[in-house]
Amino acid sequence: MTSTLVTDPPLDCPVCTRLVEFREGLQRDFPDWFNAPVPSFLGENPRLLVIGLAPGMRGANRTGRPFTGDYAGDLLYETMVEFGFAKGQYQARPDDGLTLTDAMITNAVRCLPPENKPTGPEIKACRPYLMATLDANPQVRAVLALGRIAHDTFLTALNLRKAQFPFAHGARHDLGTRNLLMFDSYHCSRYNTNTGRLTPEMFKSVFTSIRIDLPRV
Ligand code: SF4
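- For the protein, an unreviewed UniProt entry supplies the name Type-5 uracil-DNA glycosylase and the organism Roseibium suaedae.
- Listed under Sequence similarities (unreviewed entry) in UniProt, the entry text for the protein is "Belongs to the uracil-DNA glycosylase (UDG) superfamily. Type 5 (UDGb) family."

Considering the pairing of strand E8 (residues 181–185)
Along any regular strand, the residues point their side chains to alternate faces of the sheet.
Inference 1: Counting buried residues along E8, 4 of its 5 residues qualify, which places the element largely inside the surrounding structure.
Inference 2: Here strand E7 (residues 172–174) hands over to E8 after 6 residues, with Gly176 in that stretch at a positive phi of 70 degrees.

Quick notes on the site of the ligand
Inference 1: Surrounding the ligand, one finds 13 residues, the nearest of these being Pro9, Cys13, Cys16, Cys111 and Cys126.
Inference 2: Among the secondary structure elements, those contributing two or more residues to the shell around the ligand are helix H1 (17–29) and helix H4 (120–135).
Inference 3: Take the shell around the ligand: its biggest share by element is 3 residues, from H4.
Inference 4: For the shell around the ligand, a count of residues per class yields 11 nonpolar, no polar and 2 charged.

A few points about the sheet that holds strand E5 (residues 103–107)
Two pairing modes exist for strands in a sheet, parallel and antiparallel, and in both the strands are linked by backbone hydrogen bonds.
Inference 1: Reading across the sheet, the 6 strands line up as E1-E5-E2-E6-E8-E7 and stay open at both edges, with mixed pairing between neighbours. Two strands close off the open sheet at either side, each with one partner strand: strand E1 (41–42) and E7.
Inference 2: The sheet contact formed by E1 and E5 spans 2 bridges and is antiparallel. Its bridge partner lying in E5, Phe41 is registered against Ile105.

Some words on the UniProt feature "domain: Uracil-DNA glycosylase-like" (unreviewed entry) in the protein
Inference 1: If you check UniProt for "domain: Uracil-DNA glycosylase-like" (unreviewed entry), the listed places come out as residues 39–207 in our numbering.
Inference 2: Structurally, residues 39–207 is divided into 33% helix and 17% strand, and its ends, taken at the C-alpha atoms, are 23 Å apart.

Definitions and cut-offs
- Residues numbered from 1 in each chain as written.
- Predicted model: local features only at pLDDT ≥ 70, side-chain atom pairs only at ≥ 80, totals over all residues.
- UniProt positions renumbered as here; feature names shortened; annotations may be inferred.
- Buried ≥ 20, exposed ≤ 12 C-beta atoms within 10 Å, placed from the backbone.
- Helix = DSSP H or I, 4+ residues; strand = E, 2+ residues; numbered from the N terminus.
- Pairing = 2+ DSSP bridges.
- Near = placed C-beta within 6 Å.
- Nonpolar A, V, L, I, M, F, W, Y, C, P; charged D, E, K, R; others polar.

Written out as structure tokens, the structure is:
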């Protein structure tokens with residue numbers, strides 16, 4: 001990346017008091033874990049930006065790579081490999097050699113929130129990093145929002161009205177700015193798949209739609 005924009009927060013980012021206290025407790029209890037704001041996972045010149053909610057406790061918060069180490073990553077990376085947005089074999093570790101192709105992955109909130117529920121002020125506090133990530137990658141043409149929070153915070157970052165672009169699984173929105181499309185999916189969490197809210201087929205159909213707008217290069 002050639003940009004000098006600060007796209008990833010410092011590993012000791014002090015902004016969100018509640019999340020910092022949670023992080024420090026985990027640093028004491030699990031000193032071998034990453035336990036810090038998780039940086040984005042980048043492919044080269046990505047056209048697709050995938051936005052998750054926040055690191056999972058035993059996923060990205062433990063391993064330091066988005067969606068790595070928990071169920072959500074199993075489904076996400078399996079699907080991204082199938083659709084040509086990732087290469088290699090996902091083995092749930094940051095050193096598994098998996099690479100992204102034409103894609104990058106980030107989270108709306110970079111620190112682990114208790115019970116996977118960030119507060120409004122925490123989402124707002126982390127939004128500048130999401131915006132800087134987009135600014136540093138002007139070639140991005142499509143955004144995949146995994147869940148409503150990712151959807152909403154991205155619209156807010158772009159000063160767009162949520163009422164104009166309502167969240168719905170499988171929706172495709174032409175945002176009318178920066179030549180950007182946004183696709184919505186329910187989050188690929190274990191909870192959503194266990195409850196049948198999101199099936200692997202439903203998730204794949206979103207990637208099928210993305211591939212219509214972003215054909216393989
Ligand atoms: S959530 Fe974002 S802004 Fe808040 S402490 Fe973590 S990195 Fe900093």
